[in-house]
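Each chain is listed here by its residues.
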Amino acid sequence: MSRMELLDPTGERHPVARPRVVRPASLEGLTVGLLDISKPRGDVFLDHLDEVLSGRGVEVLRFRKPTYTKLAPADLRYEIRVKCDAVVEALAD
Amino acid sequence: MSYASGVDLPDGYVAFVKASCPTCRLVAPALLRLRKAGAPLTVYSQDDPRFPEGAEPLDDSDLRRSYEAGVEVVPTLMRLEGGEVIERLEGWLRMDWERLTGVAELGTGLPSYRAGCGSRTVDPGIRELLAVRYGGDKFRSRRVEVAQLEDEFEAMFERGWTDGLPVVPPTPERVLRMLEGTDRDPQEVAAVVPPDLVECTVEKVAVNAAMAGCRPEYLPVVLAALEAACTSEFNIHGVLATTWSAGPVVIVNGPVAERIGMNAGGNALGQGNRANSTIGRALQLIVRNVGGGRPGGVDRATHGNPGKHTFCFAEDERGSPWEPLSVERGLPVGTSAVTLFAGSGLQPLVDQQSRTPESLARTYAACLQVVAHPKLALSWDAVLVVSPEHARVFREAGWSKVRLREELDGLLRRPRAEMVRGAGGIAEGTPGSLAGAHVPKFRQGGLLIVHAGGTAGMFSAIIGGWASGTVGSEPVTREVRE
């Protein structure tokens, strides 16, 4: 099964992105995704964050974009969405 | 419509074949002889990459070369020079093949003529796939990728593209197929769609029509309906924004209705017919998606009505004692047309006793009087949908539509004293400032009469309107350009 591509039926006045979910009041009982965009040393920052969050008993899942030069693939975005309640993306190097 | 993007083939002779074609199998020895004669020959095989054996065929099972070369028949034999196709032969004509190749004994032992088979590029459904794959990017619409494990139907709900029911995923292949329904340029602006006043191209109409479930042959009707809806007379912005229940009602006249299989008979205003169901839905999806008109946004309806999903039917012209609605509204007989009406739902009426037109007209008048409110007048239009069994009463009495309308006009004039605000203990009513001793229910041209419905049932139906005329919506008729 290959990925499906659809033509946008809208007037295209707004970005395709869907609205963000509400920011959680607490991380208790939640799963947090850490997204490495494959920029150098992003992993250092995320490793530290992983340690801090895991230390507080938060479930942490790690993800990595194939390259920082392109949008995250639809499949990766979907995986993060279904597995995590919140996500932290490390942008800069 | 040709999407072939130019030929990129080697010089010399190029043949396209498929092993499943008897003519191709027949000419295989000729291709081998041509090769043996030292001619530069390239053979592309559309199915079996080993066929024809000994000719060192190239695998074209992805049909890329065949598509680019515009091959419609196999075998096709071409001669190219400097990248240009000098000549192209389709099927097997021994004389022609020998002339083109200059090999005199090319077809020895073969019949003089055999027709070819259809190229795999013209198999049903394949053409659109290939056009999208190899034809270059013709669409201007933004592309939205759905993840492999994501449910595409849920993805479309989440993006707010639907009217609350599932829609067909608008893949490039489906939209391309939809565009086959019109000769119009996909980038032509079909209408400027309120409320956001977005220029809507034929391509965007096709995207939404595909989502609504239309077949390509419905597209001209959708385009005409959209054009009519987006006129200042019809005022789709107001129809959308009003707190009243109104939505666009599409009434189809002329040969297109039968040609695309619309229902003008039993349950014409109900579910079950694809054209009726999807044309009205496509129009509403365009208003939603392209125009940005959504419930809770610009759509402020207090109740709405189920017809805001779709409300589209054809007039039964064959069985009608009267001229079609579109003809009455100025289009020539035999012209396909849509008439848009701002309708607020259906009020069926029963009269199983009347056998005279006078009695039946009185029933109609009594029921029409209550459109919106029995004491409100002149500002609400209506469509009267007369059933075949009721129409028979008028036909047998020789009543024209004009005659019926005259009768209704007379019956629908109520004494002003009964209609004014406060009369009958009801605060609602017509303003006291209206002149005259009698108040007509409908303004001039505010009552449309059409013939539709099943052959059994002494019922008719009223589609109530919305604020009429220049203050609200005027019915608009447009020709369907096929």
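The structure displayed is predicted, hence computed values, not measured ones.

A. Looking closely at the interface of chain A and chain B. Counting residues at the interface gives 18 residues for chain A and 31 residues for chain B. Counting only elements with at least two residues in the side of chain A that touches chain B, the list comes to strand E1 (4–7) and helix H2 (74–83) of chain A. The class makeup of the residues in the side of chain A that touches chain B is eight nonpolar, two polar and eight charged. Bridge count between E1(A) and strand E10 (residues 143–146) of chain B: four bridges; the pairing is antiparallel. By the bridge assignment, Met4(A) is partnered in E10(B) with Val146(B).

B. Representation of the sheet that holds strand E2 (residues 41–45) of chain B in the model. Residues and elements named next belong to chain B. Spatial ordering of the open sheet is given by E3-E2-E1-E5-E6, a layout of five strands whose pairing is mixed. Single-partner strands in this sheet number two, and they are strand E3 (58–59) and strand E6 (84–90). Pairing analysis gives five bridges linking strand E1 (residues 12–17) to E2, with the strands arranged parallel. Across the sheet, Val14 pairs through a bridge with Thr42, a residue of E2. Its contacts with the sheet put helix H1 (residues 22–36) on E1 and E2, and the angle it makes with E2 is roughly 155 degrees. Set on the sheet, helix H3 (residues 94–101) makes contact with E1, strand E5 (76–81) and E6; between it and E6 the angle comes to about 155 degrees.

C. Seen up close, the pairing of strand E21 (residues 459–467) of chain B. All names here are of chain B. The sheet contact formed by strand E16 (residues 346–350) and E21 spans five bridges and is antiparallel. The residue bridging Gln347 from the neighbouring strand is Ile462, located in E21. Here strand E17 (residues 380–386) pairs with E21 via six bridges, running antiparallel. Residue pairing in the sheet places Val386 in a bridge with Ser460 of E21.

Definitions and limits used
- Residues numbered from 1 in each chain as written.
- Chains lettered and ligands numbered in written order.
- Predicted model: local features only at pLDDT ≥ 70, side-chain atom pairs only at ≥ 80, totals over all residues.
- Contact = placed C-beta atoms within 7 Å.
- Helix = DSSP H or I, 4+ residues; strand = E, 2+ residues; numbered from the N terminus.
- Nonpolar A, V, L, I, M, F, W, Y, C, P; charged D, E, K, R; others polar.
- Pairing = 2+ DSSP bridges.
- Axes fitted to C-alpha atoms, helices over the stretch in contact; angles between N-to-C directions.

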